[in-house]
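Descriptive structure summary
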Amino acid sequence: MAAENGEEKLIAVARHIAKTLGHNESMADDILQIFSNFDGRFSRENLADKLTTAGQEEEPRALDLTIKSLERQISKYVAADHPIWSDSADSSAFLDCVDELISTVRALSASGSAGAYLARAEDLLQQTMFRLEDEFRLLIERGGESFEPTRSYNNGNGELAEDNSNLLFEDSDEDDHDYSDNEIPVAQRLSNYDIIIDALPSGVIHDLHEIARRMVLSGFGKECSHAYSSFRREFLEESLSRLGLGKLSNEEVQKMQWQELEDEIDKWIKAANVSLRILFPSERRLCDRVFYGLGSVNDLSFMEVCRGAVVQILNFADAVAIGSRSPERLFKVLDLFETMRDLMPEFEFNFSDQYCLVLRNDALGIWKRLGEAIRGIFMELENLIRRDVAKAPVPHGGPHPITRYVMNYLRAACRSRESLEQVFEESVNVVPSKDSTLSSLSVQMAWIMELLETNLEAKAKIYGDPALCSVFLMNNGRYIVQKVKDSELGLLLGDDWIRKHTAKIKQYLLSYQRSSWNKLLGVLRADSSPVAANVGGKSMSMKDRMKAFNSQFEEIYKSQSQWIISDEQLRNELRISLCNLVMPAYRNFIARFQNAPDVGRHADRYMKYTLEDIGTQINELNAPLFLVDEVFKKLQYELGEAVIIWN
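Summarised in this report is the structure supplied together with it. Worth saying up front: this structure is predicted, and the values here are computed from it rather than measured.

What follows concerns the environment of L138. Its location among the elements puts L138 in helix α6 (residues 115-146). The sequence separation of L138 and P83 amounts to 55 residues, and the corresponding C-alpha distance is 7.7 Å. Residues in contact with L138, not counting those within four places in the same chain, are P83 and G143.

Here it is, written out as structure tokens:
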């Protein structure tokens, strides 16, 4: 009887060992098969017959022994006052105990008939996981502090090579690596974005993976993810701070002076590029290695690590996008728009999983809002032109400050033609074009030019002298055409637009000649002309006509010598045109005058100007080019918040 009891106990122990070591039923059967090879008493038939009663009696005792053994072994590690992973032998032995405990809990859970033992095992497992979590934190913190990060780059063969030079990060200044110090490595400046940072040693990454795998298997994946993401998140926050990107609220951004905001935008562009091209890919790679094969914990951890930094980056861009639409902001907002556009593939690549969908969508939405901001700025430019009503005429008929401002503004804007094309292709607020072949940006530019021309025509009407009105329109028209021809505006508006407005300038020139010189030419015409023969209804002698010519020419010279033709080529064209118009008529008049009976030999007494004098004074009519800048420097003109561009 005693022999049978001993045999039954032995079989029960064998069965319990098989269940404990076997991670599933198949493995347990294999272990029992090995036992049967050594002793026939462990055959499947004997086990099936004898374990029916003996197993039920002896299994609780064996379970109690197993759990007590695990409690004894694990408790010394859980209660240890030093890092377990400071000794490789301790860490290996501890992981073996953890594996055995996990297997025991699984076996007990599957049996469904060992409630008290399962509760003890689960309580021990929870204590074990808490200690593993602490060890996980220590490993990642110590690894980051003691390890000099390397950068990996593409070596041309599709492989990553390592280099320790010119790193993005700096390590702790402490030589003895005091692990109580919370300092962590942070990002430094660099210009090459084609690198990946290895922030932890491979050995530490391996240890972290081993801990993470066991925590996830035990149902503590969330705790492991939190421990990981909290430290790596702090690293990213410190890196952004080192790159100059502060945590600014929308209100703080809106209240900034423009010059200060410009500086912040420059910092943002650098920080966004480093983050999306280096920091986030590096975090993705590290996450993939630590949580390899652990399913959604990998993606969730990566999202938790990067979410704060991504939100910080996007919030600043969004604050600028919803801010003021002042025209002066266009070029920096364009910089933001272009940076976001160039980084969209990085957003798609780095945040491709389901947990990061909201980050991708937010990035896309803010990029589109920056486009809306650019369109809003152009609308404000249109309003600025409309609101600039005529107050006083520009002295001497030169180009108006609004002409200079708008044309130089558009010329500078068109340096980002590709981006503006992209912005306006999505716009629904552009005035429809009669020519469907024009791009949306071309239509927008043509519309602004039309507003400017309408504004200038209204300003020209305040000149009392029709001739000066024509000079004003001629100057502004020439300035506009030259700026269009010398920039991308010419490609946008097209050759037909340039020809049409060049013809307009010629019309202004003819209008100037008619209003200023026709009366004088009428005096010089032949007697057969009614206008020549009668002035004010009275017939004029040749002497009177010479006197009238001298008087009118002096008056024209006196008034128009102060007028400005700002463009040198236009000034020469105008002088040539006037010489061709006046000098032949004056030459013919002199010939008739010298032969007139009432003049006789005393013609020189009445001829105040020789033919050469007329040509000389016509060439002196318009102010030299250098006077243009002097006139405008004296002109105090404010155009909203805009700074007038004088070049």
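With that out of the way, let us pick up the packing of helix α13 (residues 357-387) against helix α14 (residues 401-413). Running from amino to carboxyl end, α13 crosses α14 at an angle of 165 degrees, the nearest separation of the two axes being 12 Å. Classified by the interaxial angle, the pair formed by α13 and α14 is roughly antiparallel. In this structure, the crossing between α13 and α14 has a hand that is left-handed. Residues I377, F378, L381 and I385 of α13 touch α14, and the partners they reach there are I402, Y405, V406, Y409, L410 and A413. Counted by class, the contact of α13 with α14 contains 10 nonpolar, no polar and no charged residues.

What follows covers the pattern of salt bridges. Side-chain pairs of opposite charge can arise where the charged atoms are in close proximity. Counted according to the given criterion, the structure contains 29 salt bridges. The residue K247 makes a salt bridge to E237 at a minimum N-O spacing of 3.9 Å. Remark: E237 occurs in helix α8 (residues 221-242) and K247 occurs in the loop between α8 and α9 (250-255); sequence separation between them is 10 residues. A relative accessible area of 31% means that E237 is categorised as partly exposed. Here D567 makes a salt bridge to R478, at a shortest N to O gap of 3.3 Å. Here D567, found in the loop between α20 (542-560) and α21 (568-594), pairs with R478, found in helix α17 (residues 466-485); they are 89 residues apart in sequence, far enough to count as distant. Residues joined in a network through salt bridges with shared partners are D99, E210, R213 and R214.

What follows concerns unusual backbone geometry. With a phi angle near 70 degrees, H396 is a residue other than glycine that sits in the positive phi range. Note that H396 resides in the loop between α13 and α14.

This part is about helix α15 (residues 417-425). Inspection of α15 places S419, L420, E421, V423 and F424 among the buried residues, and these make up the whole buried set. At its buried positions, α15 is contacted by α12 (330-350), α13, α14, α16 (440-460) and α18 (489-524).

Once that is clear, we can look at the environment of T128. The topology assignment puts T128 in helix α6. Among the residues examined, T128 registers a relative accessible area of 0% and is labelled buried. Along the primary structure T128 and L101 are separated by 27 residues, whereas in three dimensions their C-alpha atoms are 9.2 Å apart. In this structure T128 touches I74, V78, F94, V98 and L101, once residues within four positions along its chain are discounted.

This paragraph deals with the packing of α13 against α16. It is the contact of α13 with α16, at a shortest axis distance of 9 Å, that shows an interaxial angle of 15 degrees. Compared by their axis directions, α13 and α16 come out roughly parallel. Remark: the crossing between α13 and α16 carries left-handed chirality. Seen from α13, the contacting residues are F378, L381, E382, I385 and R386; seen from α16, they are Q444, M445, W447, I448, L451, L452 and N455. Along the lines of polarity and charge, the residues of the contact of α13 with α16 split into 8 nonpolar, 2 polar and 2 charged.

Here is what the cut-offs are and how they apply
- Residues numbered from 1 in each chain as written.
- Predicted model: local features only at pLDDT ≥ 70, side-chain atom pairs only at ≥ 80, totals over all residues.
- Heavy atoms only, no water.
- Helix = DSSP H or I, 4+ residues; strand = E, 2+ residues; numbered from the N terminus.
- Contact = heavy atoms within 4.5 Å.
- Axes fitted to C-alpha atoms, helices over the stretch in contact; angles between N-to-C directions.
- Parallel < 35°, antiparallel > 145°, perpendicular 65-115°, else oblique.
- Left-handed = near helix turned anticlockwise from the far one by under 90°.
- Nonpolar A, V, L, I, M, F, W, Y, C, P; charged D, E, K, R; others polar.
- Salt bridge = Lys/Arg side-chain N within 4 Å of Asp/Glu carboxyl O.
- Buried < 20%, exposed > 50% of the residue type's maximum accessible area, 1.4 Å probe, protein only.

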